[in-house]
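Summary of structural features
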Amino acid sequence: MHRRRRSALLLTAAIAAAAPLLTACGNDAHPGAAAVVGDQRITVAQLESRVDEVREAQRAAVPDATQYEQVVARTGTLTRDTLHGMVLDRVLRRAAQDAGVTVSRKEVQQMRGALEKQAGGPEQLGTAWLQQYGVAPERLDDNLRVQLEAQKLAQSLGTDTSRPEFWQALSEASKKLDVDLNPRYGTWDVQKSSRVDARTPWVREIAPAGPEQPA
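Now for a quick tour of the structure. Everything numeric in this text was worked out from a predicted model, so none of it was measured. (Residues numbered from 1 in each chain as written. Predicted model: local features only at pLDDT ≥ 70, side-chain atom pairs only at ≥ 80, totals over all residues. Heavy atoms only, no water.)

1. Details of the overall build of the protein chain
Across its full length, the protein chain carries eight helices and five strands. Listing each helix as α and each strand as β along the protein chain from the N terminus yields α-β-β-α-α-α-α-α-α-α-β-β-β. Scored against the burial criterion, the 215 residues of the protein chain give a buried share of 40%. Considering only contacts in the protein chain between residues 6 or more positions apart, those separated by 24 or more positions represent 69%. (Helix = DSSP H or I, 4+ residues; strand = E, 2+ residues; numbered from the N terminus. Buried < 20%, exposed > 50% of the residue type's maximum accessible area, 1.4 Å probe, protein only. Contact = heavy atoms within 4.5 Å.)

Written as structure tokens, this is what we have:
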């Protein structure tokens, strides 16, 4: 369970981001797209839909309004983190395909069954994945497939998901896919296969005005 959780955390956990999420950008290379990965577009609408799924699941799990507001505050970077996961999933899939790695539905179900037993049931597993990794229950199988792809890719390389050899394979896949993020969500670091916040020169930080000096 520890290795699987570490892999899940590695691929879906939040990457710290200090810059504010911008709501507009006058320099979009792909209008309406949050990211372009190879020949696939991740639209802003698709991204927002994924975020809404998580928020709805969080609201259902935490019916108390005050506690829900606290959950939202703790997951303030959910949109950017979700996009990071959506892009990385595609990068990992390309790396797995290049290595001849495949994952069957049976393997996903076997992994899910084992995790459900350890968690105490399907509902408990869904809650754990939601709380720890920001994965909505309806996306659980998709996420487990990603984890299996990561594990099998690492095994094919004779390494594990924490080693440079694994991340080098993802870096090569990122280059092939020519990942392009909408600037409002940052940029994609090909070497690290990770989203990073971009400097936005059109946004200025306004310092608070000090006391007026006598003339």
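2. Some remarks on helix H7 (residues 140–156)
For H7, spanning 17 residues, the distance from its first C-alpha to its last is 24 Å, which sits close to the expected 24 Å at 1.5 Å a residue. Of the residues making up H7, those classed as buried are Leu-140, Asn-143, Leu-144, Val-146, Gln-147, Leu-148, Glu-149, Ala-150, Gln-151, Leu-153 and Ala-154. The first or second residue beyond H7 is Gly-158, which carries a positive phi of 70 degrees. (Expected span 1.5 Å × (residues − 1).)

3. Points about the pattern of salt bridges
Applying the stated criterion across every chain, the model contains nine salt bridges. Its salt-bridge partner being Arg-139, residue Glu-53 comes within 2.9 Å of it at the nearest N-O pair. Here Glu-53 is found in helix H2 (residues 44–61), whereas its partner Arg-139 is found in the loop between helix H6 (122–133) and H7, with 86 residues between them in sequence. For Arg-139, a relative accessible area of 26% gives the class partly exposed. (Salt bridge = Lys/Arg side-chain N within 4 Å of Asp/Glu carboxyl O.)

4. Some words on the packing of aromatic side chains
Summed over the entire model, instances satisfying the criterion amount to two aromatic pairs. Relative to Tyr-133, the ring of Trp-129 lies with its centre 4.8 Å away and its plane at 75 degrees, an arrangement referred to as edge-to-face. Of the two residues, Trp-129 and Tyr-133 both sit in helix H6, four residues apart, roughly one turn of that helix. You can call Trp-129 buried: its relative accessible area is 1%. Measuring from ring centre to ring centre gives 5.5 Å for Phe-166 and Trp-167, while their planes differ by 90 degrees; the resulting arrangement is edge-to-face. Taking relative accessible area as the criterion, Phe-166 reaches 0% and is therefore assigned buried. Looking at Arg-59, its charged tip hangs above the ring of Tyr-68, at a distance of 5.0 Å from the centre. (Phe/Tyr/Trp six-rings, centres within 6.5 Å; stacked < 30°, edge-to-face > 60°. Lys NZ or Arg CZ within 6 Å of the ring centre and 35° of its normal.)

5. A word on the nonpolar core
Judged by nonpolar contacts, the single largest core of 32 residues is most densely connected at Leu-83, Val-87, Val-91, Phe-166, Leu-170 and Val-179. Among the elements of the structure, strand E1 (33–37), H2, helix H4 (78–98), H7 and helix H8 (164–177) are those that each provide at least two residues to this core. With eight residues, H4 is the largest single contributor of residues to this core. In this view, Leu-83 contacts Ala-34, Ala-35, Ile-42, Leu-47, Leu-181 and Tyr-185; residues no more than four positions away in its chain are not counted. Counting 11 residues, the second largest nonpolar core, distinct from the first, contains Met-111, Val-135, Leu-140 and Leu-144. (Core = buried A, V, L, I, M, F, W, Y, C linked by side-chain atoms within 4.5 Å.)

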